[in-house]
Each structure stands twice: as structure tokens, then as C-alpha cells.
Amino acid sequence: MLSYLIKRILATIPVMLFVAVFIFLLLRLTPGDPAAMLAGDFANDAQIAEIRAKLGLDEPLWKQFGLWISDMLRFELGESFYYKKEVSELILSRIEPTLSLSLLTIIFTVLIAVPLGTIAAYKQGSWMDRGIMGFSVLGFSLPVFVIGYGLIYVFSVQLGWLPVQGYARIADGVGEWLYRLILPAIALSVIFVAFIARMTRTSVLEVLGEDYIRTARAKGQTESRVLMRHALRNAAVPIVTVIGLAIAILIGGVVVTESVFTIPGLGLLTVEAVLNRDFPTIQAVILFFSVVYVLINLAVDVSYTLLDPRIRY
Amino acid sequence: MSNVLDVTGLTVRLPGSSDRKNAVENITFSVGAGELVCVVGESGSGKSVTAQAVMGLLPKELKPSEGETKLLGEDTLAATPNRLRDLRGTKMAMIFQEPMTALNPVARVGEQIEEVLEIHTDLSKSQRRARAIEIMDHVHLPDPERMVDSFPHQLSGGQRQRIMIAMALVLDPALLIADEPTTALDVTTQAQILKLVKEMQERRGTGVLFITHDFGVVAEIADRIVVMQHGSIVEQGPRDQILQNPTQPYTQMLMASVPSMKPPQRTPVDGDPAITVRGLNKVYGRTGLLSRDRIVHAAKDIDLDVARGETLGIVGESGSGKSTVARCIARLIDPTSGTINLQGTEIATMRESRLRAIRSRVQIVFQDPYRSLNPRRTIGLSLIEAPMNFGVSREDALREARDLMALVGLQSDALERYPHQFSGGQRQRICIARALAVKPDILIADEAVSALDVSVQAQVLELLDDIRDKYRLAMLFITHDLRVAAQICDRLIVMQNGIVVEQGPTSDVFANPTQEYTQLLLSAAPGTDVEFGSGKAV
């Protein structure tokens, strides 16, 4: 197990290196002088020269990369042009809302999707199964911003139950925090509920045909326990795989949802950075998301060995 | 003697689209306390449906329409789902064919035994665990204190089946239903499990309903025998009566089809060697920086020759390396070292690009005839594919295919049809025809008759024998079934753990096995004291 973990972590290094090279070149290969671009439209030659020297743009490319990567490794991400702040500070201050939204979305998704999928599989062909799968098709076809604005219109504008937008820090009270996050989390989770419910149904259906399910029934086990103990536990590996995928895709969804609900998280930061050509921030955010992707993948792979004792590396 | 189980007039209806109306029809039999009743029949005879009906475990599509299945006087067909759950595990229990798939792969075996106690008793967690260890000890599992925390995949097939038996017997049910419990096991393991079932039945006075297709097993353990065909009971009675004086033609035919353990006299074949193998090795696994050493020597220093017109049998249990040898010879896998000489051509180390031209000379027939045929292609297309790859024109290949159909005993209109429209035996005939379509010198039959019912098996064996004579094929016959090997092989190689332990003419190996392992294999074969296939019947 330990050797597997070490191997798996070592294997992420080339991936991260590839991402780093890509991000590094992104800026260098953009047409025009990166220094001029970084300096912005109103900079004079002296300022451009200063930036060039600061970035080491006179040095050969490999040396530049070495410098840049060692900065990144020390979490020195540079200074944002637009916010005039250290990017690392910027990211730290924006993590909480994004993390809150993502976490809540995933919790909602799993709590709703897995039971729905399991029921659909157990009642295969019934009206419940057809209803759940019908909802799932609907969930797939509606984009996040449509669902988001739809929910705002009904629950905030018409009924006035929930706020239209904004975010409250968890430090200012969990109630307020949850109150403001419910709508965005639901909006964001719809498509993942559809996706994961479908996957759960397929996975559980397959397992329900297995011999050990018959064995469990032959022991006199109740149907609900047969489902929970035997079916779901065996169906878990593919379900966890898609949950991992969903988290990765979710980060993309966060950008849109944060814009719709004006939540000051990393998604909104990304949008603002792109609109303002804030290159150090863009770089750092992309790099940050890449690290998160890689870590999620690692967590999913490791979880396999916990879920299924036959999987050993 | 009061009965544990009384089945009276049981009829189970099949869904409308099936080829017959009922899965089982008006069957009546009983199982006494401490009695072992064998239900024997070929596939589709309704023997498993009967067992599932008693347990209330029938698939949704199957509905019992008439009759009663009285367990200690209580009709399980009429029981409510709750009552059925109470009875399962306490009054009746069941074990299945595949001990690997019948156990939950992600739960510890102890946990799975304890689950029965958790459902039906008020024992505490530590009491349940103690009880699980105790019953594991009763079914002679080694070191139950440690094994109780193992996962199914860490145990051998025989150990898994012992776990299943422990799970079934932990609450001392009155009735144990065993559905082909030894079919997936090696012959030596099978002998041990049969002994265990018999011991449990005698010690605990359990009534056992034992379902099997294997007359050898029946002869070994049955007190009474029920013979089923097409969902009806053909004949039933005490063991000796049925085995010695079967009155019904079907029973007689079934018993006559069981290959005899006595090999017929065969004249030694001395033709030119078609294939010569020397020092063949196959090693799996490798050592690496971070991976542990997991090297498996699947085949070790194998020497063998097969002459034209000769059948060489390779027998052994699972993991003995018999299939590895066959696959190396067919170059489906690459041997690690050694030589394979195909009438002067060395193929062991030949590159894939040059090998293609020679592939037609070695052909394989596999165990599962259904999965070996592409379900979406007609038989004709499957049959002409290989010859056309070797440059035969479509018209010639089709003409050949029609001739082959006649040779294997099928109508030529079979070429227009799809695999699912044939029975298992017919599909295996098609697979043989396909192998012959490229006119091979060597035919490898890898457990080619193991999945077939005995009556069909006998016919396919006869067909293989005929075509070997007709085309003077060198045949390599891989099997775990000693009865089959006795009937078809000229010479035998006995393998264990990748090594050849004994070889010689079939009749010599059977009459005077010199090695301990061969003796063990021969003595483990069930029902050796009863002579089947003697020709007395039919």
C-alpha cells in the first residue's frame, strides 16, 4: 500500500511538469512581447524594460523556466496587475467561497443521486425508474445558468425565501453561510445528480444480477440490507470514479455559478482576471486548478483500494 | 421417518415467449431427515428451478402456478416474504455452484457468516464471531481464527465452498439445498467437498437436496436419485436401484453417455511427428524496483511430441499449466524459452509478421462454444473468414463451408443462421468446423467438451475422433476430466503446477499410475466404483 502511494505520487510529477511547461509557454508564446503585454497598454519603454529584467526575459528559455518553476514551488506567484496584490494572497482569500460551494454541491449530489440511482435500479422498469431517468435526461439538458436564474426567479424574486446573490463567510455564522449557498449549490448539483444517478443505476443493476446477491437473499437478509450492504458496496468503484470526475468538472461549473450568484470565489476571480488580462493571476489560477485535478485523481485511485480489497497495486 | 421436504405437484410457469409452457411440470418428490437426494438431469431439465422454488428465490419471470413445497409441513410457496426470510438460513439453506461469485467479494468471510446470525439471532458481536470461528472449524478450514478476517479472493476454491457450507449450516437448518456445488471445483477438491457434505448430513441429520448433472457424483453420495428431463421427473428411487436397474430409456441413455474410467485398447500411433516441443517454459511476472517479486512459472521444461493421427491428452487441475502449454503451441501467447517445431518449422520464436502465414496450421477449439462465436455474424461468415484471410475465394470458401457442415452433422442452411439459434452441442460442432476450415495439421481442443451435457459430450467426442482419423490430424486434447481423457486420448501427459509429473499410453497411466499425484487424481474421480457407459444400457 505504501509503495503504491509513493509510486502514485511520483507518477503525478510528470503530469504536473507538463502542465507547468504548458502554462509557462502560454505566456511566452503569445504573440507580441510578453513584457509589453504584462506592462499593459499605457506603459512606457522604461517600464517594459524593467518588467523584462524582472522576469528574466533576456535569459535563455530553459533558464527562465527554471527560475519561474522555483518561484512557483515556493508559492511565490507574483503580483496581480489588476488588484495590485500578491497573487498567492488573492487565491487564499478566494478559496473559501469556492471550496464551500464545491463541497456543498458534492454533498447534495451524492445524498440525492446515489439513493435515486439505487431505487431506480431496484425498481427497474417501474414508474419510479422511468420518472428518475426522465428527470436525469432533463437535468442533462439544462445548462447551469438557466437552472440558476430559474431558481433565483422562483425562490428569491417570487417567493422571497432565499437571497438573490452574495456570500457570507463561514466565520460569520454557519446559518447565514448555508442560507446564501443553498441556491447556488442546488443549481450546480442538478447536472451531477442526473449524471451520477444514471451511473449508480447502471452499476447497481449490474451488481444485482450477481450470485452473492442471491446468496444474501438465501440467508434471509432483508431487501434494504441486501441493497445497502451487498449491492451498493460492490457498485461503489464506478460510482466513486464518476464522483471524482464530477468534482473535476464541477470546478469548471463553479466559474459560471459564481458569476450568476456573484460569489467572490476563485471562479469569479478567474473571470475577472481574464477580462482584465491579469496574466500572473491567470497563470496561478490555472496551476492551482491543475494541482486540484491531480489530487482528486489521486484520492479516487487510493479510494479504490479501500473500497475493493481485491484491488492491490 | 418424517420428511424435511415434500414437493407435491409443483408446476412453475415460464414466460409466454419460451419454447415450452412450464419450467417444471407436476413434480413430486420428498427429502427425509438425514437423507441425501440427488436431482440429476441435463441443462434445461428444471432441476435448479425446483430448488429456487423451494427457497422462494425464483427469478421474477417465473411463477409457481400449482403444487406445494412443504418444508417441515409448511408450504413455502404460500409463505409471505417475511416468513420466507425467517425460514431462509434457519430452516433451509442453500449453497451454489460458483463459490467465488456466490460470496460477496468486498466483505470478509467471517462477516458473511456472522451476517446469518445477525439476521436470525440475538447473539452479541463477539458471540457471533466466536460462533463463526467454531463453524469454520467444523467444516475443517485451517486456522479459522486467522481466516475469519480473510476476503474471499484470498482463499482457494475449495476453501470458499467450505465457507459457503459453513454459512449455510451455522444455524443447523433442516434442509440444505446444494446446487451443483462441486461443478466449478477441481476433482481432488470436489472429492473433499463431497465428503464434507456427506459428513455434515450424517452428523447433523440434515436433509440434503443435491442438484447435479454428474452421474459420478450421484454414485458417490446419493441415498436416493431423482432423474429429471424437460421439467418433468423421469424416474426416481433408491440409489442402487436407479444405478443398477434404470427402467427408463432416458436414464439408461444418460448413464451410458458417461465416459468410462476404463480406457479402451488403442493401437499405438506411429506416424511422423507433427509437432515437437522441447524445453518449453512460460514465466509470468517480473521483478521491478518497487514491485514485489511475483513470478509464476506456468510451464516448466515441457517436452512433448504429437504424431499425425494421434491424440495426446494433457490432464491436470486448474493452474497446472495445461492451457498455457496449448496456448504457447498455438502462439496465442509467447513462450519464454524453448522450441516448438512444426514439421520442420521453428515457431517458438518466430516474429508475428511471419507467423501469420503459419497460423492456419494450428487451430484451437475452446471451452465455451457460445462465447467463441461472434453473436452478430452468421455461421457462414464466421466459417469463411479464416480461409478468405488465407487467399481462398469467397465461392470456394462457401462451398467448403457447406461440406464442413455436413461433416459435423449440421444442415447446410445453418450457414445462414446466427449462433444463438443453436444449442451448445451444435455450436461446438460449428467451432470444430471453423477450426477445420483452414485445413490445419494440428487441432488443439482446450476443454472443448467440458461445458456440454454428457449425452451431447459423447457425440462431440465421437466427432472429434472421426475427423482426427479422416484428416490424420495431430490432436492435443486439454481436459480436467479423466473420464473424457480415458476415452479419446492415445497418450497422456499429467501436469501439476507447470510440471509434467507423468506420461505414457492412456491405458498404462490409468492401469498403473506410478506417481502419487496421478494416483490421487484417479482416486478422486467420483463414482469410480460404478461402471458407466458399459453398453449395458441403451
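Note that the coordinates shown come from a computational prediction; the quantities given were computed from them, not determined experimentally.

Definitions and cut-offs
Residues numbered from 1 in each chain as written. Chains lettered and ligands numbered in written order. Predicted model: local features only at pLDDT ≥ 70, side-chain atom pairs only at ≥ 80, totals over all residues. Heavy atoms only, no water. Salt bridge = Lys/Arg side-chain N within 4 Å of Asp/Glu carboxyl O. Helix = DSSP H or I, 4+ residues; strand = E, 2+ residues; numbered from the N terminus. Buried < 20%, exposed > 50% of the residue type's maximum accessible area, 1.4 Å probe, protein only. Contact = heavy atoms within 4.5 Å. Domains from an automatic or database assignment. Buried area = accessible area lost by both parts, 1.4 Å probe. Polar contact = N/O pair within 3.5 Å; in protein donor to acceptor, adjacent residues only side chain to side chain. Nonpolar A, V, L, I, M, F, W, Y, C, P; charged D, E, K, R; others polar. Axes fitted to C-alpha atoms, helices over the stretch in contact; angles between N-to-C directions. Parallel < 35°, antiparallel > 145°, perpendicular 65-115°, else oblique. Left-handed = near helix turned anticlockwise from the far one by under 90°. Core = buried A, V, L, I, M, F, W, Y, C linked by side-chain atoms within 4.5 Å.

The subject of this paragraph is the pattern of salt bridges. All names here are of chain B. Overall, the coordinates contain 38 salt bridges over all chains when judged by the stated rule. For the salt bridge of Glu-180 with Lys-47, the shortest nitrogen-to-oxygen distance reads 3.8 Å. Of this pair, Glu-180 sits in the loop between strand S7 (175–179) and helix H8 (187–204) while Lys-47 sits in helix H1 (residues 47–55), placing them 133 residues apart in sequence. The pair formed by Glu-180 and Lys-47 is uniform in burial state, with each residue classed as buried. Across the pair Arg-83 and Glu-74 runs a salt bridge whose closest N-O atoms are separated by 2.7 Å. The partly exposed category is assigned to Arg-83, whose relative accessible area is 32%. Judged by relative accessible area, which is 26%, Glu-74 ranks as partly exposed.

This part covers the side chain of B:Ser360. Relative to the helices and strands, B:Ser360 resides in the loop between helix H13 (352–355) and strand S16 (362–365). The contact partners of B:Ser360, leaving out residues within four places of it in the chain, are B:Phe390, B:Val438, B:Lys439 and B:Pro440.

Residues and elements named next belong to chain B. What the domain assignment reports for chain B is domain 1 (3–257) and domain 2 (273–287 + 295–522). Computed over C-alpha atoms only, the centres of domain 1 and domain 2 are separated by 35 Å. Between domain 1 and domain 2, the residue contacts involve 10 residues of the former and 10 residues of the latter. When domain 1 packs against domain 2, the two sides together hide about 920 Å² of surface, and 51% of this comes from carbon and sulfur. Of all residues in domain 1, the largest losses of buried area upon contact with domain 2 belong to Glu-42, Asp-186 and Thr-188, amounting jointly to 46% of the total for that side. The interface formed by domain 1 and domain 2 contains 0 salt bridges. Our enumeration of links across domain 1 and domain 2 arrives at 5 residue pairs in polar contact (both at pLDDT 80 or more). For the side of domain 1 that touches domain 2, the secondary-structure elements that each account for two or more residues are H8 and helix H11 (249–257). Each residue belonging to the side of domain 1 that touches domain 2 can be placed in one class, and the counts come to 3 nonpolar, 5 polar and 2 charged.

Moving on, we come to the packing of helix H7 (residues 157–169) of chain B against H8(B). Residues and elements named next belong to chain B. Interaxial distance between H7 and H8 falls to 10 Å at its minimum, and their mutual angle equals 15°. Between H7 and H8, the angle is such that the two are roughly parallel. Considering only the axes of H7 and H8, their crossing is right-handed. On H8, the residues that touch Gly-158, Gln-161, Arg-162, Ile-165 and Leu-169 of H7 are Thr-189, Gln-192, Ile-193, Leu-196, Val-197, Met-200 and Arg-204. A breakdown of the residues in the contact of H7 with H8 according to their chemical character gives 6 nonpolar, 4 polar and 2 charged.

Right, let's get into the nonpolar core. One finds B:Val12, B:Ile113, B:Leu175, B:Leu209, B:Phe210 and B:Phe215 to be the most contacted residues of the largest nonpolar core, which totals 91 residues. By residue number, the principal contributor to this core is H7(B), which donates 7 residues.

This brings us to the domain arrangement of chain A. Residue and element names in this part refer to chain A. Taken domain by domain, chain A comprises domain 1 (2–73) and domain 2 (95–143 + 187–307). Taken together, the contact between domain 1 and domain 2 spans 17 residues of the former and 14 residues of the latter. If you sort the residues of domain 1 by the area they bury against domain 2, Arg-8, Met-16 and Ile-23 come out on top, with a joint share of 33%. Counting across the interface, domain 1 meets domain 2 through 1 salt bridge. The residue Arg-8 makes a salt bridge to Asp-301 at a minimum N-O spacing of 2.7 Å. The tally of links between domain 1 and domain 2 comes to 1 residue pair in polar contact (both at pLDDT 80 or more). Of all elements in the fold, only helix H1 (2–28), helix H2 (34–39) and helix H4 (61–73) reach the threshold of two or more residues within the side of domain 1 that touches domain 2. Broken down by element, the residue count for the side of domain 1 that touches domain 2 peaks at 13 residues, all from H1. Considering only residue class, the side of domain 1 that touches domain 2 consists of 14 nonpolar, 1 polar and 2 charged.

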